[in-house]
Amino acid sequence: MPSALEQLAQSVKERRAILFVGAGVSMSVGLPSWQKLIEHMEDELGLDRDMVDIPEPSYQALAEYYRLKNGGLGPLRSWMDREWSVSREKVKGSAIHKLIVSLDFPIIYTTNYDRNLEVAFEVHDRPFVKVANAKDIAKVNGEVTQIIKYHGDFDDDASLVLAESDYFERLSFESPLDVKFRADALGRTILFIGYSMSDMNIRLLLYRLWETWRRSGYEKNRPKSFVFMPQPSVVQEAVLGRWGIDMLTEEADRPEDALVAFLSKLKEGIGNTGKAM
């Protein structure tokens, strides 16, 4: 029986796989952590950090408070756009981004707001279409890679899923991008990279996808999906396995090195499909 990596490589080679990219990929080229966003909001709102941290708020809750106090998220979005930006040279030199482009996924979903994936495709001369809202869906032609900005894009403030109420509204799983994801994902393999799997919104998405197949009565026909994590976790492996998702890991000193090693093996595996691996 083929290994998990061999199964994934075959799906990618046949262009039957979707890549789902999380914050870990952007942090690999120097983007700030969510903690820096929290600290910026606390400072701009004039909040006593010692008081705010009891109990510790999520960035979504602070963004909701920011919106209430300022009447909108415009200034915060502008700050994030500046801070969540790295040079084209840095993106071009990123081994992770180069591998993502070279793996040639037909569809890439990302919860990242930054433009690094788009820049990676540009600097490596690969065409793509960006989808951040319902209007953008009409631009999809199936011939070039789709980069779906699942939580919004800095070029469209209204598309951003940042504050707590934005996330709650997405829990219905009925937005245009949610409908598109269900259509894209139901018959394809999904590979998640750059996630800690502590994101409840992603976990809910995975659960809903599993639940859709379970209710259909054809759960055994569901394509296998995978999540890459730099370090193994018995708990996550068991829970995600229940939802039909295999965990893949690589040993390395740094998470980004582990991801490079994994993507490199995947690329090599694609070249070896049909051969003895």
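Bear in mind that the values here come from a model prediction, so they are computed numbers and not experimental data.

### Comments concerning the overall build of the chain
Okay, step 1: Secondary structure summary: the chain contains 15 helices and seven strands in total.
Okay, step 2: Taking 19 Å as the expected radius of gyration for a compact globule of 277 residues, we find that the chain reaches 19 Å, a close match to that expectation.
Okay, step 3: Here the C-alpha coordinates of the chain stretch approximately 60 × 45 × 40 Å along the principal axes.
Okay, step 4: Carbon and sulfur atoms form 51% of the exposed surface of the chain, whose accessible area is close to 13,500 Å².
Okay, step 5: Between the averaged position of the 35 positive side-chain charges in the chain and that of its 42 negative side-chain charges there is a distance of 7 Å.

### Some remarks on the nonpolar core
Okay, step 1: Ranked by size, the top nonpolar core spans 32 residues in total, and within it Ile100, Leu191, Ile193 and Phe262 carry the most contacts.
Okay, step 2: Listing elements by their share of this core, those giving two or more residues are α1 (4–13), β1 (17–21), α8 (95–103), α9 (116–123), β5 (189–193), β6 (225–228) and α15 (255–272).
Okay, step 3: In this view, Phe262 contacts Leu5, Leu8, Leu191, Ile193, Phe228, Leu248 and Glu250; residues no more than four positions away in its chain are not counted.

### Some points on the pattern of salt bridges
Okay, step 1: Summed over the entire model, instances satisfying the criterion amount to 22 salt bridges.
Okay, step 2: One salt bridge in this structure joins Asp136 and Lys139, with 3.3 Å as the shortest N-O distance.
Okay, step 3: In this structure Lys139 comes out as partly exposed when scored by relative accessible area, which is 45%.
Okay, step 4: Taking the shortest distance from any N to any O, the salt bridge between Asp246 and Lys224 comes out at 3.5 Å.

### What to know about the packing of helix α3 (residues 34–44) against helix α6 (residues 74–83)
Okay, step 1: Put simply, α3 and α6 touch, their axes get as near as 12 Å, and they point 140° apart. In terms of orientation, α3 and α6 fall into the oblique class. For the crossing formed where α3 meets α6, the hand is right-handed. Taking contact as the criterion, the partners of Lys36, Leu37, His40, Met41 and Glu44 in α3 are, on α6, Pro75, Leu76, Trp79, Met80 and Glu83.

### A few points about the packing of α1 against α15
Okay, step 1: Here α1 crosses α15 at 65°, and the two axes come no closer than 8 Å. When the interaxial angle is binned, α1 and α15 end up roughly perpendicular. Like other packed secondary-structure pairs, α1 and α15 cross with a definite hand, here right-handed. In contact with Leu5, Leu8, Ala9, Val12 and Lys13 of α1, α15 contributes Phe262, Lys265, Leu266, Gly269 and Ile270.

### Description of unusual backbone geometry
Okay, step 1: Residues other than glycine seldom take positive phi values, yet Asp104 does so here, at roughly 60°.
Okay, step 2: According to the relative accessible area criterion, Asp104 is partly exposed, its value standing at 28%.
Okay, step 3: Positive phi outside glycine occurs at Asp125, with the angle close to 55°.
Okay, step 4: By secondary structure assignment, the location of Asp125 is in the loop between α9 and β3 (128–131).
Okay, step 5: Its relative accessible area of 68% is what places Asp125 among the exposed residues.

### Focus on the confidence of the model for the chain
Okay, step 1: Averaged over all residues, the pLDDT of the chain equals 89, while 95% of them reach at least 70.
Okay, step 2: The element-level mean pLDDT for the chain is lowest in helix α4 (residues 49–52), coming to 69, with α8 highest at 97.

### A closer look at the side chain of Arg222
Okay, step 1: Within the secondary structure, Arg222 sits in the loop between α13 (200–216) and β6.
Okay, step 2: No salt bridge is formed by the buried Arg222; its nearest oppositely charged neighbour, Glu219, is found at 6.0 Å.
Okay, step 3: Within the structure, the side chain of Arg222 is placed 2.6 Å from the backbone oxygen of Trp243, a separation counted as a polar contact.

### Some thoughts on the side chain of Gln146
Okay, step 1: On the secondary structure map, Gln146 appears in strand β4 (residues 145–149).
Okay, step 2: Not counting chain neighbours up to four residues away, the residues in contact with Gln146 comprise Pro106, Ile107, Ile108, Val129, Val140 and Lys180.

### Digging into the sheet that holds β3
Okay, step 1: What the seven strands build is an open sheet, ordered β3-β4-β2-β1-β5-β6-β7; its pairing is parallel. Of all strands in the sheet, those with a lone pairing partner are β3 and β7 (245–248), marking the two edges. Direction aside, neighbouring strands of the sheet carry axes that sit 20° apart on average.
Okay, step 2: In the sheet, β3 pairs with β4 via four bridges, with the strands oriented parallel. Bridge pairing in β4 links Val129 to Gln146.
Okay, step 3: Against the sheet, helix α14 (residues 234–242) contacts β6 and β7, and its axis sits at roughly 150° relative to β7.

### A few points about the pairing of β1
Okay, step 1: Counting buried residues along β1, five of its five residues qualify, which places the element largely inside the surrounding structure.
Okay, step 2: Neither face of β1 is left uncovered, since the one carrying Ala17, Leu19 and Val21 and the one carrying Ile18 and Phe20 both have all their residues buried.
Okay, step 3: The sheet contact formed by β1 and β5 spans five bridges and is parallel. The partner of Ile18 across the bridge, within β5, is Ile190.
Okay, step 4: Here β1 runs beside strand β2 (residues 107–110); their pairing, made up of four bridges, is parallel.

Conventions used here
Residues numbered from 1 in each chain as written. Predicted model: local features only at pLDDT ≥ 70, side-chain atom pairs only at ≥ 80, totals over all residues. Heavy atoms only, no water. Helix = DSSP H or I, 4+ residues; strand = E, 2+ residues; numbered from the N terminus. Rg over C-alpha atoms; globule rule 2.2 N^0.38 Å. Areas by Shrake-Rupley, 256 points an atom, 1.4 Å probe, with all protein chains shown as cover. Lys, Arg positive; Asp, Glu negative; His and termini not counted. Charge placed at Lys NZ, Arg CZ, Asp CG, Glu CD. Core = buried A, V, L, I, M, F, W, Y, C linked by side-chain atoms within 4.5 Å. Buried < 20%, exposed > 50% of the residue type's maximum accessible area, 1.4 Å probe, protein only. Contact = heavy atoms within 4.5 Å. Salt bridge = Lys/Arg side-chain N within 4 Å of Asp/Glu carboxyl O. Axes fitted to C-alpha atoms, helices over the stretch in contact; angles between N-to-C directions. Parallel < 35°, antiparallel > 145°, perpendicular 65-115°, else oblique. Left-handed = near helix turned anticlockwise from the far one by under 90°. pLDDT = per-residue confidence, 0-100. Polar contact = N/O pair within 3.5 Å; in protein donor to acceptor, adjacent residues only side chain to side chain. Pairing = 2+ DSSP bridges.

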